[in-house]
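Architecture and fold: a report
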Amino acid sequence: MKLTPAQLDAYFARIGIAAPARADAAALAAIHRAHALAFTWEAADAFLMRPEGGIDPARAFERMVTGRRGGWCYEMNGLLGAALAGAGFAVTRLCCGVHRATLGEAAIGNHLSLRVELEDGPWLVEAGLGDALPVPIPLRAGAHEQGFLASAIEPADGEWLRYVNHRHGVASSFDFRPDYADEAVLAATEVWMRTDPGSPFTGALAIMRHFPDRIESLVNRTRRTLGAAGLAEREIEDEADFAATLAGPFALDHPDVPALWAKTGEVVARARAAA
């Protein structure tokens, strides 16, 4: 699964950097960071239970490069992995589980991450969690920091490792095995994630985007800004404010803002009634 030369040209134009001359650590870091800054993490269509989807990187390319939308893990990491493979990197698509620590084996397949082989060993490349580190990290247990963000890879149970997100992360962790790739499990779980009423993605709206000095997030009707000074939150006032927030910091021109606004209102109302 890799982008063609023509697709690579369009991809690098989209993320705003030149194609690397060599597939090395410096190039990997530059591509990963540019990708994280260029694209919005979003699962708005899954929230609305739209029928379109899939894990094919070609579809992610059409959506995110040609169509200039964002994507969730299957698309964000799917496109990044295909671009890295096209640029000469050795890429493995990892079948992972967000919140496997609490959900158990049912979580496996609900997240796609990437392993990239370099001369000094394997690296974890993770642009699909939404607000994780915007740079690759060595695929081994240890703590990592990037500016005001701190994360870690820790041993889990058996052969599993756990990526622990920073303390303000929308998702706290995901588990993976360094050699576990299963496209069938990823494909089946992706369908469930975007179509089943019990999916966390059909039950809540989450949108995230990296900036050089902060991470912006929208969780239902709450805007979150995370930077060196900490986390600030504010409630979205009305549909016009909601539309301006989507189009502004998230650069998201969603075709059905009224439906997103209406359904987030339902989610917020249910949460308040249950509190």
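Structure's up top.
Structural notes, computed from the coordinates. (Residues numbered from 1 in each chain as written. Predicted model: local features only at pLDDT ≥ 70, side-chain atom pairs only at ≥ 80, totals over all residues. Heavy atoms only, no water.)

1. Thoughts on unusual backbone geometry
- Although it is not a glycine, methionine 49 adopts a positive phi angle of roughly 55 degrees.
- With respect to the element layout, methionine 49 can be found in the loop between α3 (44–47) and α4 (57–66).
- The backbone phi angle of histidine 99 is positive, close to 60 degrees, even though this residue is not glycine.
- Summarising the element assignment, histidine 99 is placed in the loop between β2 (90–98) and α6 (100–103).
- Overall, the relative accessible area of 28% leaves histidine 99 in the partly exposed class. (Helix = DSSP H or I, 4+ residues; strand = E, 2+ residues; numbered from the N terminus. Buried < 20%, exposed > 50% of the residue type's maximum accessible area, 1.4 Å probe, protein only.)

2. Topic: the pairing of strand β8 (residues 161–164)
- The pairing of strand β7 (residues 149–155) with β8 spans four bridges and is antiparallel. For isoleucine 153, the partnering residue across the bridge sits in β8 and is tyrosine 163.
- The hairpin turn running from β7 into β8, its antiparallel successor, is five residues long, and glycine 158 in that turn takes a positive phi close to 55 degrees.
- As paired elements, β8 and strand β9 (residues 173–176) share four bridges and run antiparallel to each other. Bridged to leucine 161 within β9 is phenylalanine 176. (Pairing = 2+ DSSP bridges.)

3. Re the sheet that holds strand β13 (residues 230–235)
- Within the open sheet, the five strands sit side by side as β1-β10-β11-β12-β13. Their pairing is antiparallel. Two strands lie at the open edges of the sheet, namely β1 (41–42) and β13, each paired on one side alone.
- Bridge analysis of strand β10 (residues 206–211) against strand β11 (residues 214–219) gives six bridges, and the strand direction is antiparallel. Note that in β11 the partner of isoleucine 207 across the bridge is leucine 218.

4. Some words on the sheet that holds β9
- Here we have eight strands laid out as an open sheet, ordered β5-β4-β3-β2-β9-β8-β7-β6, and antiparallel in their pairing. The sheet is open, and its two edges are formed by β5 (137–138) and β6 (142–146), each paired on a single side.
- Bridge count for β2 against strand β3 (residues 111–118) is seven bridges, and the pairing is antiparallel. In the sheet register, cysteine 95 faces β3, and the bridge partner there is leucine 112.
- The sheet strands contacting helix α5 (residues 73–86) are β2, β3 and β4 (121–125), and the helix crosses β3 at an angle near 20 degrees. (Contact = heavy atoms within 4.5 Å. Axes fitted to C-alpha atoms, helices over the stretch in contact; angles between N-to-C directions.)

5. Details of the side chain of arginine 100
- Turning to its location among the elements, arginine 100 is positioned in helix α6.
- Judged by relative accessible area, arginine 100 falls into the buried class, the value being 6%.
- Within the local environment of arginine 100, its side chain forms a polar contact with the side chain of aspartate 175, the two groups lying 2.8 Å apart.
- Other than its neighbours up to four places away in sequence, arginine 100 contacts Glu105, Ala107, Ile108, Asp157, Trp160, Arg162 and Asp175. (Polar contact = N/O pair within 3.5 Å; in protein donor to acceptor, adjacent residues only side chain to side chain.)

6. Observations regarding helix α7 (residues 183–195)
- Over its 13 residues, α7 extends 18 Å from the first C-alpha to the last, a length consistent with the 18 Å expected when each residue adds 1.5 Å.
- Leu186, Thr189, Glu190, Met193 and Arg194 are the residues of α7 that are buried. The arc enclosing the buried residues of α7, seen along the axis, measures out at 125 degrees, which places them on a common side. Exposed side of α7, more than 90 degrees from the buried face: Ala184 and Ala188 are the residues found there. (Expected span 1.5 Å × (residues − 1). Arc of directions from axis to C-beta.)

7. Points about the state of the cysteines
- Throughout the structure, instances matching the rule amount to zero disulfides.
- Considering cysteine sulfurs only, cysteine 96 is the nearest to cysteine 95, which forms no disulfide, with 6.7 Å between them.
- Residue cysteine 95 is classed as buried on the basis of its relative accessible area, which comes to 0%.
- Classification of cysteine 96 as buried rests on a relative accessible area of 0%. (Disulfide = S-S within 2.5 Å.)

8. Examining the packing of helix α9 (residues 239–247) against helix α10 (residues 257–274)
- For the pair α9 and α10, interaxial distance at closest approach is 10 Å and the crossing angle is 115 degrees. Taken as a pair, α9 and α10 cross one another with a handedness that is right-handed. Here α9 contributes Glu239, Phe242, Ala243 and Leu246 to the contact with α10, which in turn contributes Val257, Pro258, Leu260, Trp261 and Thr264.
- Looking at the contact of α9 with α10 residue by residue, the class counts come to seven nonpolar, one polar and one charged. (Left-handed = near helix turned anticlockwise from the far one by under 90°. Nonpolar A, V, L, I, M, F, W, Y, C, P; charged D, E, K, R; others polar.)

9. Some details on the environment of glycine 147
- Within the fold, glycine 147 resides in the loop between β6 and β7.
- The exposure class assigned to glycine 147 is exposed, which follows from its relative accessible area of 71%.
- The sequence separation of glycine 147 and alanine 228 amounts to 81 residues, and the corresponding C-alpha distance is 7.7 Å.

Just geometry here; none of it tells us what the structure is for.
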